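Coordinates in review
For reference, the chains in residue letters:
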Amino acid sequence: MPTAVTPRPVPERTIQVRRPGISYADDATPHYFVADDILRSHVAAMLSAVFPEGEDFFVRSVRNYRDQITDPVLKEQVKGFVGQEALHGREHRAFNQRLHELGYPTRFTDKRVKIGLGIFSKIAPKRVQLAFTAGLEHYTATLAEALLRDDAARAEFETDEIRTLFSWHALEETEHKSVAFDVFQHVCGDQNVRVRTMYGIHVGFLAGMVLQVAVSLAFDPYARRHPVKTLRSLRNLRSHVFFQRNVQQRLRDYHRADFHPDDHDTVELLDQWRQELEALQAA
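The rules behind the values
Every residue gets a number counted from 1 within its own chain, in the order that chain's sequence is written. Where totals are concerned, whole chains, interfaces and linings use all residues; where local detail is concerned, this predicted model gives features only for residues with pLDDT of at least 70, and gives and counts side-chain atom pairs only at 80 or more. Each side-chain value is derived from all of the structure's non-hydrogen atoms; neither hydrogens nor water enter the calculation. Helical segments are the DSSP runs of H or I of at least four residues, strand segments are the runs of E of at least two, and each set is numbered from the N terminus. This radius of gyration counts C-alpha atoms alone. The globule rule is 2.2 Å times how many residues there are, raised to the power 0.38. Buried residues are those whose accessible area, probed at 1.4 Å on protein chains only, stays under 20% of the maximum for their type, while exposed residues exceed 50% and partly exposed ones sit between those limits. Only heavy atoms matter for contacts: two residues are in contact if any of them lie within 4.5 Å across the pair. Each accessible area value is a Shrake-Rupley result obtained with a 1.4 Å probe; residue values ignore everything except the protein chains displayed when judging cover. Only four residue types enter the charge count, namely Lys and Arg as positive and Asp and Glu as negative; His and the chain termini do not. Here the site of a charge means NZ on Lys, CZ on Arg, CG on Asp, or CD on Glu. Classification of ring pairs uses Phe, Tyr and Trp, with its six-membered ring standing for Trp, and accepts pairs whose centres are within 6.5 Å; under 30 degrees between planes counts as stacked, over 60 as edge-to-face, and the remaining range as tilted. Criterion for a charge above a ring: Lys NZ or Arg CZ within 6 Å of the ring centre, and within 35 degrees of the ring normal. Think of a patch as exposed residues, more than 30% relative accessible area, with no salt bridge, where like charges cluster within 9 Å and nonpolar side chains (Val, Leu, Ile, Met, Phe, Trp, Tyr) cluster within 5 Å. Should a side-chain nitrogen of Lys or Arg be within 4 Å of a carboxyl oxygen of Asp or Glu, the pair is scored as a salt bridge. Distance and chemistry together define a polar contact, namely a pair of N or O atoms within 3.5 Å, with one atom able to donate a hydrogen and the other to accept it when in protein, and with adjacent residues in sequence counting only for side-chain atoms on both sides. Take the buried residues of types Ala, Val, Leu, Ile, Met, Phe, Trp, Tyr and Cys, join any two whose side-chain atoms come within 4.5 Å, and each joined set is a nonpolar core. Take the number of residues in a helix, subtract one, and multiply by 1.5 Å to get its expected span. In this description, one arc is meant: the one made by directions from the helix axis to the C-beta atoms.

For the rest of this paragraph, the subject is the overall build of the protein. For the protein, the count of helices and strands is 12 helices and zero strands. The order of helices and strands in the protein, counted from the N terminus, is α-α-α-α-α-α-α-α-α-α-α-α. Expected size for 283 residues packed as a compact globule is a radius of gyration near 19 Å; at 19 Å, the protein falls within 12% of this value. C-alpha extents for the protein along the principal axes are approximately 55 × 40 × 30 Å. Buried positions account for 53% of the 283 residues belonging to the protein. Here the analysis covers contacts within the protein between residues at least 6 apart in sequence; of these, 85% occur between residues at least 24 apart. When the accessible surface of the protein is summed, it comes to about 13,800 Å², and 55% of that surface belongs to carbon and sulfur atoms. Charged side chains of the protein number 37 positive and 38 negative; the gap between the two group centres comes to 7 Å.

Moving on to the packing of aromatic side chains. For the coordinates displayed, the defined rule picks out 15 aromatic pairs. When the centroid spacing of 6.1 Å and the interplanar angle of 90 degrees are considered together, the rings of F95 and F166 count as edge-to-face. Taken together, the residues F95 in helix 2 (residues 72-102) and F166 in helix 6 (residues 160-175) connect sequence positions 71 residues apart. In this structure F166 comes out as buried when scored by relative accessible area, which is 9%. Between F181 and Y254, the aromatic rings sit 6.0 Å apart at their centres with planes inclined by 80 degrees, giving edge-to-face as the arrangement. Remark: Y254 occurs in the loop between helix 11 (245-252) and helix 12 (267-282) and F181 occurs in helix 7 (residues 179-187); sequence separation between them is 73 residues. Both residues of the pair, F181 and Y254, count as buried. The positively charged end of R112 is found above the aromatic ring belonging to F108, 4.7 Å away from the centroid. In this structure, R194 is placed above the aromatic ring of Y254, and the distance from its NZ or CZ to the ring centre is 4.8 Å.

Attention now goes to a positive patch on the surface. A contiguous patch of positive charge on the surface is contributed by K229, R232, R235 and R238. You can see R238 is positioned in the loop between helix 10 (227-236) and helix 11.

Together, I115, I119 and I123 make up a nonpolar patch on the protein surface, roughly 320 Å² of accessible area in all. The residue I119 is located in helix 3 (residues 106-123) in this model. The class for I119 is partly exposed, based on a relative accessible area of 48%.

Before going further, it helps to examine the pattern of salt bridges. Tallied over the full model, the rule gives 18 salt bridges. Between R149 and E145 there is a salt bridge, with the nearest N and O atoms lying 2.9 Å from each other. With R149 and E145 both in helix 4 (residues 126-149), this residue pair falls four residues apart, about one helical turn. Exposure remark for E145: the relative accessible area of 7% places this residue in the buried category. Put simply, R274 and E175 hold a salt bridge, and the shortest N to O gap is 2.9 Å. Taken together, the residues R274 in helix 12 and E175 in helix 6 connect sequence positions 99 residues apart. Its relative accessible area of 3% is what places E175 among the buried residues.

A separate point is the side chain of H176. Mapped onto the elements of the fold, H176 is located in the loop between helix 6 and helix 7. Here H176 falls in the buried class, since its relative accessible area comes to 0%. A polar contact is formed between the side chain of H176 and the side chain of Q84, at a distance of 2.6 Å. A polar side-chain atom of H176 sits 3.0 Å from a polar atom in the side chain of E137. Look past the residues within four positions of H176 in its chain and what remains in contact with it is I15, F81, Q84, E85, H88 and E137.

Attention now goes to the nonpolar core. Judged by nonpolar contacts, the single largest core of 44 residues is most densely connected at F33 and F95. For this core, the secondary structure elements donating two or more residues are helix 1 (38-63), helix 2, helix 4, helix 6, helix 8 (191-218) and helix 12. It is helix 1 that provides the largest number of residues to this core, a total of nine residues. Within the second largest apolar cluster, 33 residues are counted, among which are A134, A180, F184 and I201.

Let us now look at helix 3. One turn of an α-helix holds 3.6 residues; hence residues three or four places apart share an orientation. With 18 residues, helix 3 extends 26 Å between its outermost C-alpha atoms, agreeing within 8% with the 26 Å of an ideal straight helix rising 1.5 Å per residue. Residues of helix 3 that are buried include every one of T106, T109, V113 and L117, and no others. The buried residues of helix 3 occupy an angular sector of 60 degrees when the element is viewed end-on, so they sit on one face. With respect to the buried face of helix 3, the exposed residues turned more than 90 degrees away are K111, K114, K122 and I123.

Structure follows, in structure tokens:
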């Protein structure tokens, strides 16, 4: 039998749709744009490459249930979620074009993601698609919070434009981190579906990213010609903020029966970064 969870009341929260206005027309983006490091740059490039189609899928999976959302607060938050995700896709498409010009296989990855999610949309029940979105939103929100809290990790981005892009995206992922989860709890709430889907994400997301980064490295002549530097970069990747123990623990928190994204308090962090982003855009 499905294990349902009584949804919590949805609190008011700010989900603001912002337009960062980032241009790469005159941007002197170096090929290795994260800490002048091979693996760090390829990982960031492939994350960016999967975002546009991924964000579009997230929007569709939530919209599948918009007629069943009766809570007026949650309805309003869904509007903010859709607006933010649509702009994330647009901004990363522009950045991915710049990465394509630098030699990264962003178009190849974008097409593969579109095909894969298209197949998933046809064969998976809509409640599983929504659970998939809620689980991946927990991933992106966890990584986003880690990035916003780590000055050194943000300093690794080699240009102001790229630093602003990822900081803006991280802020908004943190703002709407609970929306897809709350929609799932209100229209389905099946604990088994939610947790089992997340176990699949743990395996699939990691395997997919490893494959995409491997393909990206195969397109990189410098990485192929310098295998020792590439291996050294791979070893150093263990120190990245995304691989810290507390980040892995927060990802596993999702398996708890009583879990909610708001268990990880980010109120003060959001207040700080709304001001930080205004300062970055004004600079």
